[in-house]
Amino acid sequence: MDQKEFRLPDVLAKSSPRVGLVLGSGLGSFVDRVRIGYECAYSEIDGLPQSNVPGHEGRFVGGELGGLEVLIAQGRVHVYEGWSAREAASHVRIMAAAGVEILIVTNAAGIVNGNFKPGRWMLLSDHLNLARHSPLTGGPNFIDQSTVYCPALRALLKDEQKELGGGILHEGVYAWVNGPEYETPAEIRMLRTLGADAVGMSTVPEAIQARALGLKVVGFSCLTNYGAGLTNQPLSHSEVMETGEKAAGELCRLLEVCIPAMVEIDNE
Ligand code: HPA
(Lines give C-alpha, C1' and ligand atoms only; values in the text may rest on other atoms or scores of the structure.)
Protein backbone atom coordinates (compact mmCIF):
# COMPACT_ATOMS: atom_id res chain seq x y z
CA MET A 1 0.00 0.00 0.00
CA ASP A 2 1.11 3.52 -0.70
CA GLN A 3 1.95 4.50 2.88
CA LYS A 4 0.47 7.95 2.39
CA GLU A 5 -2.86 6.62 1.15
CA PHE A 6 -4.26 5.45 4.53
CA ARG A 7 -3.00 5.43 8.09
CA LEU A 8 -3.49 1.87 9.31
CA PRO A 9 -5.39 2.01 12.65
CA ASP A 10 -3.45 0.56 15.61
CA VAL A 11 -5.78 -2.45 16.01
CA LEU A 12 -5.07 -3.43 12.41
CA ALA A 13 -1.37 -2.61 12.56
CA LYS A 14 -0.97 -4.84 15.65
CA SER A 15 -2.95 -7.75 14.20
CA SER A 16 -1.49 -10.52 12.06
CA PRO A 17 -4.30 -12.07 9.98
CA ARG A 18 -3.17 -14.15 7.02
CA VAL A 19 -6.69 -14.70 5.76
CA GLY A 20 -9.09 -11.92 4.81
CA LEU A 21 -12.77 -12.13 3.95
CA VAL A 22 -14.92 -9.58 2.15
CA LEU A 23 -18.63 -9.99 2.90
CA GLY A 24 -21.19 -8.99 0.28
CA SER A 25 -24.92 -8.12 0.40
CA GLY A 26 -26.85 -9.99 3.06
CA LEU A 27 -23.81 -11.99 4.20
CA GLY A 28 -22.97 -9.81 7.21
CA SER A 29 -24.36 -12.39 9.66
CA PHE A 30 -21.25 -14.44 8.88
CA VAL A 31 -19.53 -12.32 11.51
CA ASP A 32 -21.67 -14.02 14.19
CA ARG A 33 -19.63 -17.20 13.64
CA VAL A 34 -16.35 -15.44 14.33
CA ARG A 35 -14.86 -15.00 17.78
CA ILE A 36 -14.51 -11.22 17.53
CA GLY A 37 -11.27 -9.67 18.80
CA TYR A 38 -11.70 -6.09 17.56
CA GLU A 39 -13.81 -3.91 15.32
CA CYS A 40 -12.87 -0.85 13.34
CA ALA A 41 -15.49 1.21 11.48
CA TYR A 42 -14.49 2.33 7.99
CA SER A 43 -15.33 5.86 9.20
CA GLU A 44 -12.33 5.63 11.58
CA ILE A 45 -9.96 5.45 8.62
CA ASP A 46 -9.43 8.78 6.88
CA GLY A 47 -10.11 8.61 3.16
CA LEU A 48 -11.71 5.13 3.18
CA PRO A 49 -14.96 5.21 1.13
CA GLN A 50 -18.19 4.26 2.87
CA SER A 51 -21.28 2.58 1.46
CA ASN A 52 -24.88 3.66 1.85
CA VAL A 53 -26.30 0.41 0.46
CA PRO A 54 -28.48 -1.57 2.93
CA GLY A 55 -26.72 -4.80 3.95
CA HIS A 56 -23.26 -3.23 3.76
CA GLU A 57 -22.22 -2.37 7.32
CA GLY A 58 -18.89 -0.68 6.71
CA ARG A 59 -16.44 -2.02 9.26
CA PHE A 60 -13.45 -4.29 9.69
CA VAL A 61 -13.82 -7.12 12.18
CA GLY A 62 -10.80 -9.03 13.38
CA GLY A 63 -11.20 -12.35 15.11
CA GLU A 64 -10.85 -16.09 15.02
CA LEU A 65 -12.50 -18.54 12.66
CA GLY A 66 -11.57 -22.21 12.49
CA GLY A 67 -8.75 -21.54 14.99
CA LEU A 68 -7.05 -18.91 12.83
CA GLU A 69 -6.91 -15.14 12.92
CA VAL A 70 -9.01 -13.61 10.16
CA LEU A 71 -9.73 -10.06 9.08
CA ILE A 72 -13.23 -9.43 7.75
CA ALA A 73 -14.32 -6.46 5.68
CA GLN A 74 -18.02 -6.25 6.39
CA GLY A 75 -19.40 -4.17 3.55
CA ARG A 76 -17.90 -2.68 0.42
CA VAL A 77 -18.48 0.25 -1.87
CA HIS A 78 -19.42 -0.15 -5.51
CA VAL A 79 -18.66 1.58 -8.76
CA TYR A 80 -22.45 2.05 -9.23
CA GLU A 81 -22.47 4.31 -6.16
CA GLY A 82 -20.15 6.65 -8.00
CA TRP A 83 -16.81 5.41 -6.62
CA SER A 84 -13.92 4.56 -8.92
CA ALA A 85 -12.78 0.94 -9.20
CA ARG A 86 -9.64 1.92 -7.27
CA GLU A 87 -11.78 3.33 -4.46
CA ALA A 88 -13.94 0.20 -4.56
CA ALA A 89 -10.80 -1.85 -3.81
CA SER A 90 -9.45 0.37 -0.99
CA HIS A 91 -10.31 -2.13 1.75
CA VAL A 92 -8.24 -4.76 -0.08
CA ARG A 93 -5.14 -2.53 0.04
CA ILE A 94 -5.76 -2.07 3.77
CA MET A 95 -6.17 -5.82 4.32
CA ALA A 96 -2.95 -6.50 2.41
CA ALA A 97 -1.15 -3.89 4.53
CA ALA A 98 -2.46 -5.66 7.67
CA GLY A 99 -0.75 -8.87 6.47
CA VAL A 100 -3.52 -10.73 4.62
CA GLU A 101 -2.10 -13.21 2.09
CA ILE A 102 -5.25 -15.09 1.13
CA LEU A 103 -8.35 -13.10 0.25
CA ILE A 104 -11.79 -14.72 0.20
CA VAL A 105 -14.29 -12.51 -1.60
CA THR A 106 -18.03 -13.09 -1.42
CA ASN A 107 -20.94 -11.50 -3.23
CA ALA A 108 -24.60 -11.91 -4.05
CA ALA A 109 -25.17 -12.72 -7.72
CA GLY A 110 -27.91 -13.48 -10.17
CA ILE A 111 -27.99 -16.82 -11.99
CA VAL A 112 -27.17 -16.74 -15.70
CA ASN A 113 -26.61 -20.50 -16.13
CA GLY A 114 -30.12 -21.99 -15.90
CA ASN A 115 -28.69 -25.27 -14.50
CA PHE A 116 -27.69 -23.48 -11.28
CA LYS A 117 -29.99 -23.19 -8.26
CA PRO A 118 -30.88 -20.17 -6.10
CA GLY A 119 -29.65 -20.42 -2.49
CA ARG A 120 -26.48 -22.23 -3.54
CA TRP A 121 -22.93 -20.99 -3.71
CA MET A 122 -20.82 -20.71 -6.85
CA LEU A 123 -17.06 -20.88 -6.56
CA LEU A 124 -15.57 -18.43 -9.06
CA SER A 125 -13.40 -20.10 -11.68
CA ASP A 126 -12.86 -16.84 -13.58
CA HIS A 127 -14.51 -13.52 -14.31
CA LEU A 128 -15.60 -11.22 -17.11
CA ASN A 129 -14.86 -7.56 -16.45
CA LEU A 130 -17.81 -6.16 -18.41
CA ALA A 131 -17.99 -2.97 -16.36
CA ARG A 132 -14.64 -2.16 -18.02
CA HIS A 133 -13.26 -0.31 -14.99
CA SER A 134 -9.99 -1.31 -13.33
CA PRO A 135 -8.57 -0.56 -9.87
CA LEU A 136 -5.16 -0.47 -11.57
CA THR A 137 -5.93 2.53 -13.80
CA GLY A 138 -2.87 4.74 -13.42
CA GLY A 139 -0.67 1.70 -12.67
CA PRO A 140 0.66 -0.92 -12.16
CA ASN A 141 0.07 -1.93 -15.78
CA PHE A 142 -0.13 -5.31 -17.55
CA ILE A 143 -0.75 -7.54 -14.52
CA ASP A 144 -1.15 -11.21 -15.50
CA GLN A 145 -4.76 -12.39 -15.13
CA SER A 146 -4.47 -15.98 -16.37
CA THR A 147 -5.27 -17.41 -12.92
CA VAL A 148 -7.04 -14.84 -10.78
CA TYR A 149 -8.77 -17.44 -8.58
CA CYS A 150 -6.21 -19.81 -7.02
CA PRO A 151 -6.54 -23.33 -8.54
CA ALA A 152 -5.00 -25.12 -5.52
CA LEU A 153 -7.35 -23.41 -3.06
CA ARG A 154 -10.34 -24.09 -5.31
CA ALA A 155 -9.44 -27.78 -5.47
CA LEU A 156 -9.18 -27.90 -1.68
CA LEU A 157 -12.57 -26.23 -1.23
CA LYS A 158 -14.27 -28.57 -3.70
CA ASP A 159 -12.77 -31.66 -2.03
CA GLU A 160 -13.77 -30.48 1.41
CA GLN A 161 -17.23 -29.60 0.16
CA LYS A 162 -17.69 -33.20 -1.00
CA GLU A 163 -16.60 -34.42 2.45
CA LEU A 164 -19.21 -32.19 4.07
CA GLY A 165 -21.95 -33.72 1.96
CA GLY A 166 -21.84 -31.65 -1.23
CA GLY A 167 -24.63 -29.66 -2.73
CA ILE A 168 -23.54 -26.12 -1.99
CA LEU A 169 -20.99 -25.48 -4.67
CA HIS A 170 -21.39 -24.78 -8.32
CA GLU A 171 -18.31 -23.47 -10.09
CA GLY A 172 -18.34 -20.92 -12.86
CA VAL A 173 -17.63 -17.56 -14.42
CA TYR A 174 -18.79 -14.35 -12.73
CA ALA A 175 -19.63 -11.39 -14.95
CA TRP A 176 -19.09 -7.97 -13.38
CA VAL A 177 -21.59 -5.43 -14.70
CA ASN A 178 -21.83 -1.84 -13.65
CA GLY A 179 -25.46 -1.77 -12.41
CA PRO A 180 -27.10 -0.35 -10.33
CA GLU A 181 -30.19 -1.60 -12.18
CA TYR A 182 -30.65 -5.33 -12.64
CA GLU A 183 -30.31 -6.78 -16.14
CA THR A 184 -32.93 -7.15 -18.85
CA PRO A 185 -33.77 -10.65 -20.16
CA ALA A 186 -31.84 -9.83 -23.35
CA GLU A 187 -28.77 -8.90 -21.28
CA ILE A 188 -28.97 -12.17 -19.35
CA ARG A 189 -29.07 -14.08 -22.67
CA MET A 190 -26.10 -12.03 -23.90
CA LEU A 191 -24.13 -12.78 -20.71
CA ARG A 192 -24.77 -16.51 -21.16
CA THR A 193 -23.54 -16.30 -24.75
CA LEU A 194 -20.40 -14.58 -23.50
CA GLY A 195 -19.67 -17.46 -21.12
CA ALA A 196 -21.02 -16.14 -17.81
CA ASP A 197 -22.67 -18.37 -15.20
CA ALA A 198 -23.57 -15.62 -12.74
CA VAL A 199 -23.80 -11.83 -12.78
CA GLY A 200 -23.16 -9.20 -10.13
CA MET A 201 -21.97 -5.68 -9.42
CA SER A 202 -18.85 -6.16 -7.30
CA THR A 203 -15.86 -8.40 -6.50
CA VAL A 204 -13.87 -8.01 -9.71
CA PRO A 205 -12.09 -4.76 -8.65
CA GLU A 206 -11.14 -6.46 -5.35
CA ALA A 207 -9.86 -9.60 -7.07
CA ILE A 208 -7.80 -7.61 -9.59
CA GLN A 209 -6.37 -5.42 -6.82
CA ALA A 210 -5.55 -8.40 -4.62
CA ARG A 211 -3.72 -10.22 -7.42
CA ALA A 212 -1.76 -7.08 -8.26
CA LEU A 213 -0.58 -7.06 -4.63
CA GLY A 214 0.40 -10.74 -4.82
CA LEU A 215 -2.45 -12.14 -2.72
CA LYS A 216 -4.09 -15.48 -3.45
CA VAL A 217 -7.78 -15.05 -4.18
CA VAL A 218 -10.86 -17.23 -3.78
CA GLY A 219 -14.31 -15.95 -4.79
CA PHE A 220 -17.79 -17.14 -3.85
CA SER A 221 -21.11 -15.97 -5.29
CA CYS A 222 -24.26 -16.57 -3.31
CA LEU A 223 -26.76 -17.28 -6.08
CA THR A 224 -29.64 -15.29 -4.68
CA ASN A 225 -31.99 -15.22 -7.68
CA TYR A 226 -32.47 -16.26 -11.29
CA GLY A 227 -31.38 -13.59 -13.75
CA ALA A 228 -34.15 -11.66 -15.51
CA GLY A 229 -36.10 -13.77 -18.00
CA LEU A 230 -35.10 -17.10 -16.41
CA THR A 231 -38.16 -16.77 -14.15
CA ASN A 232 -41.39 -14.76 -14.13
CA GLN A 233 -40.56 -13.22 -10.74
CA PRO A 234 -39.39 -9.56 -10.68
CA LEU A 235 -36.07 -9.10 -8.85
CA SER A 236 -35.84 -7.29 -5.53
CA HIS A 237 -32.94 -6.33 -3.27
CA SER A 238 -34.83 -7.69 -0.23
CA GLU A 239 -35.04 -11.14 -1.91
CA VAL A 240 -31.29 -10.95 -2.57
CA MET A 241 -30.62 -10.10 1.09
CA GLU A 242 -32.94 -12.80 2.45
CA THR A 243 -31.44 -15.61 0.35
CA GLY A 244 -27.92 -14.42 1.23
CA GLU A 245 -28.69 -14.52 4.93
CA LYS A 246 -30.06 -18.08 4.68
CA ALA A 247 -27.04 -19.33 2.72
CA ALA A 248 -24.37 -17.62 4.86
CA GLY A 249 -24.29 -20.41 7.48
CA GLU A 250 -23.39 -23.06 4.91
CA LEU A 251 -20.44 -21.14 3.53
CA CYS A 252 -19.28 -20.37 7.02
CA ARG A 253 -19.20 -24.06 7.96
CA LEU A 254 -17.16 -24.80 4.84
CA LEU A 255 -14.70 -22.01 5.56
CA GLU A 256 -14.31 -22.95 9.22
CA VAL A 257 -13.04 -26.32 8.07
CA CYS A 258 -11.03 -25.04 5.11
CA ILE A 259 -9.29 -21.93 6.39
CA PRO A 260 -6.60 -23.80 8.37
CA ALA A 261 -5.94 -26.06 5.36
CA MET A 262 -5.84 -23.05 3.04
CA VAL A 263 -3.05 -21.54 5.12
CA GLU A 264 -1.20 -24.88 5.02
CA ILE A 265 -1.34 -24.88 1.21
CA ASP A 266 -0.05 -21.33 1.23
CA ASN A 267 2.95 -22.50 3.30
CA GLU A 268 3.91 -25.17 0.74
N1 HPA B 1 -27.93 -9.12 -11.22
C2 HPA B 1 -26.88 -8.36 -10.83
N3 HPA B 1 -26.43 -8.34 -9.59
C4 HPA B 1 -27.05 -9.11 -8.68
C5 HPA B 1 -28.15 -9.91 -9.01
C6 HPA B 1 -28.62 -9.91 -10.36
O7 HPA B 1 -29.59 -10.61 -10.74
N8 HPA B 1 -28.54 -10.55 -7.87
C9 HPA B 1 -27.69 -10.15 -6.90
N10 HPA B 1 -26.79 -9.26 -7.38
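The text that follows walks through the structure, step by step, so that each part is easy to find. All of these numbers come straight from a predicted model, not from anything done at the bench. (Residues numbered from 1 in each chain as written. Predicted model: local features only at pLDDT ≥ 70, side-chain atom pairs only at ≥ 80, totals over all residues. Heavy atoms only, no water.)

**Focus on the site of the ligand**
Next, step 1: Taken together, A108, A109, G110, Y182, E183, V199, G200, M201, T224, N225, L235 and V240 make up the full set of residues adjacent to the ligand.
Next, step 2: Measuring from a nitrogen atom of the ligand, one finds a backbone N or O atom of A108 at 3.3 Å.
Next, step 3: Within the side chain of E183, one N or O atom sits 2.7 Å away from a nitrogen atom of the ligand.
Next, step 4: In isolation the ligand has 260 Å² of accessible area, and contact with the protein removes 95% of it.
Next, step 5: For the shell around the ligand, the secondary structure elements donating two or more residues are β5 (102-111), β8 (198-200) and β9 (216-226).
Next, step 6: It is β5 that provides the largest number of residues to the shell around the ligand, a total of three residues.
Next, step 7: For the shell around the ligand, the class distribution of residues is seven nonpolar, four polar and one charged. (Near = heavy atom within 4 Å. Polar contact = N/O pair within 3.5 Å; in protein donor to acceptor, adjacent residues only side chain to side chain. Areas by Shrake-Rupley, 256 points an atom, 1.4 Å probe, with all protein chains shown as cover. Helix = DSSP H or I, 4+ residues; strand = E, 2+ residues; numbered from the N terminus. Nonpolar A, V, L, I, M, F, W, Y, C, P; charged D, E, K, R; others polar.)

**Structural notes on the side chain of R76**
Next, step 1: Summarising the element assignment, R76 is placed in the loop between β4 (68-74) and α2 (85-88).
Next, step 2: Among the polar contacts made by the side chain of R76, one reaches the side chain of S202 at a distance of 3.3 Å.
Next, step 3: Reaching out from R76, the side chain makes a polar contact with the side chain of E206 at a distance of 2.7 Å.

**With respect to the packing of helix α3 (residues 90-97) against helix α6 (residues 204-212)**
Next, step 1: At a closest axis distance of 9 Å, the pairing of α3 and α6 adopts a crossing angle of 35 degrees. Crossing geometry of α3 relative to α6 is assigned as right-handed. For the pair α3 and α6, the contacting residues are H91, V92 and R93 in the first and E206, Q209 and A210 in the second.
Next, step 2: Here the residues of the contact of α3 with α6 are counted per class, giving two nonpolar, two polar and two charged. (Axes fitted to C-alpha atoms, helices over the stretch in contact; angles between N-to-C directions. Left-handed = near helix turned anticlockwise from the far one by under 90°. Contact = heavy atoms within 4.5 Å.)

**Concerning a nonpolar patch on the surface**
Next, step 1: There is a patch of nonpolar side chains on the surface, built from L130, M190 and L194 and spanning about 250 Å² of accessible area.
Next, step 2: Along the chain, the position of L194 falls in the loop between α5 (185-193) and β8. (Patch = residues over 30% accessible without salt bridge, like charges linked within 9 Å, V, L, I, M, F, W, Y side chains within 5 Å. Salt bridge = Lys/Arg side-chain N within 4 Å of Asp/Glu carboxyl O.)

**Description of α3**
Next, step 1: Taking burial as the measure, the eight residues of α3 include six buried ones, the bulk of the element.
Next, step 2: When α3 is considered as a whole, its buried residues turn out to be S90, H91, V92, R93, I94 and M95.
Next, step 3: Remark: G99 follows α3 within two positions and exhibits a positive phi of approximately 115 degrees. (Buried < 20%, exposed > 50% of the residue type's maximum accessible area, 1.4 Å probe, protein only.)

**Things to note about the environment of L230**
Next, step 1: Along the polypeptide, L230 turns up in the loop between β9 and α7 (237-267).
Next, step 2: With sequence-adjacent residues up to four places away left out, L230 is seen in contact with I111, V112 and I188.

**Here's the deal with the environment of A210**
Next, step 1: Take A210: it is sitting in helix α6.
Next, step 2: Judged by relative accessible area, A210 falls into the buried class, the value being 0%.
Next, step 3: The sequence separation of A210 and P17 amounts to 193 residues, and the corresponding C-alpha distance is 15 Å.
Next, step 4: Excluding its chain neighbours within four sequence positions, the residues that come into contact with A210 are V92, L103, L215 and V217.

**Details of the pairing of β4**
Next, step 1: Judged by how many residues are buried, β4 sits mostly within the fold: five of seven residues are covered.
Next, step 2: With five bridges joining them, strand β1 (residues 19-23) and β4 adopt parallel strand pairing. Across the sheet, V19 pairs through a bridge with V70, a residue of β4.
Next, step 3: Alignment of strand β3 (residues 59-65) against β4, held across seven bridges, turns out to be antiparallel. (Pairing = 2+ DSSP bridges.)

**Here's the deal with the nonpolar core**
Next, step 1: Ranked by internal contacts, the top residues of the largest apolar core, which has 42 residues, are L12, I45, F60, L71, I94, M95 and L103.
Next, step 2: With near-sequence residues (within four places) excluded, L103 lies in contact with G20, L21, V22, V92, M95, E206, A210, L215, K216, V217 and V218.
Next, step 3: Counting residues in each nonpolar core, the second largest holds 35 residues, with L23, V70, I104 and F220 among its members. (Core = buried A, V, L, I, M, F, W, Y, C linked by side-chain atoms within 4.5 Å.)

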